[in-house]
Amino acid sequence: MSHPTPPVARPDASFDEEREMREHDAFMRTLDPAIAAAAEWHTRREDGLDATDEAQFQQWLAADPAHLNAYRQLDQGFTVLRSLGDEQAAQRRAQSLPESVASADAPTDIPATTRPRTNRRPARSRLAWLMPSPAALVLGCLLLLSAGIGWHLWHEPSFTQHYATQAGQRITTTLPDGSELVLDVKTRAEVALYRDRREVRLDEGQMMFTVSPNPAKPFRVLAGPASITVVGTRFSVRYDTTGSKAGTVEVAVEEGRVAVDGTTSLATRIGTMLGAGQAVQVTANGIVGEVAAVPVSSVAPWRKGQLRFSDTPLSRAIEEMERYGPTGLVVTDPKVADLRLGGSFEIARPDTLAQVLPRILPVKLRPRDDGKREVVGTR
């Protein structure tokens, strides 16, 4: 991508002007190329372009959607900037300028009548530094950033995507940063990649994450009352919004380390760090529970088409199997519902639970008028 040649100091430029130009050039080199080019084009257009330059400007806009977006945002920002009142603008400017620039224009404590005359140029008025010049461009860009006028330009995600799965459906996707996401059935999530971070908002369901390492861009999962932060690892997150565990979040780590925090109204927020083979549950009110050891092979077994139960209440096991399809089973007796179940089951065949239960638990199946079968105790 090409963009206009940066301004250079004139041979007759004053010391202050040369310094401003150097600061301007240094600042421009820190910007995203599209934003830097947009700022240069904005300045040149306000000064006036001939037919040839205007044609080049239109070609630049058409070369990449990011060019048009950057120019529009910058133009909107300058429009808002020029609408600020004198006092507000001066306040924004003072907050945003680097010391080397602010000191050049800041008034001294010497009264105007006794201040010695120098060859230094007078401080720019508000209108002067709002007009397109090298120094004004630096100040304008800084003001846009510090005042929040350019907030959406700098903090707008470079990638967003909404994912949703239905009953019996799973999705595996790779993000632009190389991270892989696996969504289980009945899962909804929103992904946003920013300049300085990566975020996934899990609204419901469960996901497996294989995060591409990037210390400069931490990966964060927001799920109900929990916040999970990593740099690079493999872990699963489950967030239930209905059923017996509504509001809770479960995190299990297969590889690497993750930080788990709970969001609560309490003054103190206690989090924990998980390593491979560890899991934790965050309650609906944001309290992080005790860390538990789990076999690494048992993290997100649904990826392999299995559900594994270990000392799981029967009612919970049936509820879990129902996520993948109808079991045809109903439990109404609290004692039967609390019977403990263990073992592995194929999620593709939830109806097989009915065949297994009478053989491993003291229960039998009683037909109901609605076509389902009730699980009742034999003693």
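Just so we're clear, the structure is a prediction, and the values are computed from it rather than from any experiment.

Per-residue confidence for the protein chain gives a mean pLDDT of 76; residues scoring 70 or more make up 69%. Counted against residues more than four places away or in other chains, residues 1–15, with its pLDDT under 50, gives 24 contacts. Note on residues 92–135: pLDDT under 50 across the span, and 58 contacts to partners over four residues away in sequence or across chains.

As a further point, take the sheet that holds strand β18 (residues 373–377). Pairing is mixed in the open sheet, where three strands are placed in the order β15-β18-β17. The sheet is open, and its two edges are formed by β15 (329–330) and β17 (363–367), each paired on a single side. Pairing of β15 with β18, which is carried by two bridges, proceeds in the parallel orientation. Residue L329 lies in a different strand from β18, and its bridge partner there is R373. The sheet contacts of helix α12 (residues 352–360) involve β15, β17 and β18, and relative to β17 the element is tilted by about 135 degrees.

Here we take up the pattern of salt bridges. Evaluation of the coordinates by the stated rule reveals 19 salt bridges. Close ionic contact of D184 with R323 constitutes a salt bridge, the shortest N to O distance being 3.4 Å. Linking D184 in the loop between β3 (180–183) and β4 (188–193) with R323 in the loop between α10 (314–321) and β15, this pair joins segments that are 139 residues apart in sequence. Note on D184: relative accessible area 0%, which makes it buried.

Let us now look at the packing of aromatic side chains. Following the criterion strictly, the structure yields five aromatic pairs and no others. Consider the rings of F209 and F219, whose centres lie 5.9 Å apart with planes at 70 degrees: the pair is edge-to-face. Residue F209 is located in strand β5 (residues 198–210), and its partner F219 is located in strand β6 (residues 219–223); the two are separated by ten residues in the primary sequence. Just as F209 is buried, F219 falls in that class too. Judged by centre distance (5.7 Å) and plane angle (45 degrees), the rings of F309 and F345 are tilted. Of this pair, F309 sits in strand β14 (residues 306–313) while F345 sits in strand β16 (residues 340–346), and the two are 36 residues apart along the sequence.

Turning our eyes to something else, we now look at the packing of helix α2 (residues 33–47) against helix α3 (residues 51–63). α3 packs onto α2 with a crossing angle of 155 degrees between their chain directions and a minimal axis gap of 12 Å. Here α2 is positioned roughly antiparallel relative to α3, judged by the angle of their axes. The crossing of α2 and α3 is left-handed. Contact with α2, carried on its side by A34, A37, A38, W41, R44 and R45, involves D53, E54, Q56, F57 and W60 of α3 and no other residues of that element.

The next point concerns the UniProt feature "domain: FecR N-terminal" (unreviewed entry) in the protein chain. Summarizing the sequence annotation, UniProt attributes the feature "domain: FecR N-terminal" (unreviewed entry) to residues 37–75 in the numbering used throughout. Each end of residues 37–75 is marked by a C-alpha atom, and these two atoms are 13 Å apart; helix forms 90% of the span and strand 0%.

When you line up the elements, G325 lands in the loop between α10 and β15. Put simply, G325 and G168 are 157 residues apart on the chain and 7.0 Å apart in space, counted from C-alpha to C-alpha.

The subject of this paragraph is the layout of surface pockets. Of the volumes computed, that of the largest pocket is approximately 840 Å³. Around the largest pocket, the lining comprises 26 residues; the ones closest to its centre are R238, K245, E250, S298 and R308. Broken down by secondary-structure element, the contributors of at least two residues to the lining of the largest pocket are β8 (234–239), β9 (249–255), β12 (278–282), β14 and α10. Across the lining of the largest pocket, the residue classes break down as 14 nonpolar, six polar and six charged. Summarising the domain contributions, the lining of the largest pocket has at least three residues from each of domain 2 (159–297) and domain 3 (305–377).

Criteria and cut-off values
Residues numbered from 1 in each chain as written. Predicted model: local features only at pLDDT ≥ 70, side-chain atom pairs only at ≥ 80, totals over all residues. Heavy atoms only, no water. pLDDT = per-residue confidence, 0-100. Contact = heavy atoms within 4.5 Å. Pairing = 2+ DSSP bridges. Helix = DSSP H or I, 4+ residues; strand = E, 2+ residues; numbered from the N terminus. Axes fitted to C-alpha atoms, helices over the stretch in contact; angles between N-to-C directions. Salt bridge = Lys/Arg side-chain N within 4 Å of Asp/Glu carboxyl O. Buried < 20%, exposed > 50% of the residue type's maximum accessible area, 1.4 Å probe, protein only. Phe/Tyr/Trp six-rings, centres within 6.5 Å; stacked < 30°, edge-to-face > 60°. Parallel < 35°, antiparallel > 145°, perpendicular 65-115°, else oblique. Left-handed = near helix turned anticlockwise from the far one by under 90°. UniProt positions renumbered as here; feature names shortened; annotations may be inferred. 1 Å grid on protein atoms, 1.4 Å probe; cavity = no way out; pocket = protein on both sides within 12 Å on 5 of 7 lines; lining within 4 Å. Points joined across faces, edges and corners; volume = space filled by probe spheres on them. Nonpolar A, V, L, I, M, F, W, Y, C, P; charged D, E, K, R; others polar. Domains from an automatic or database assignment.

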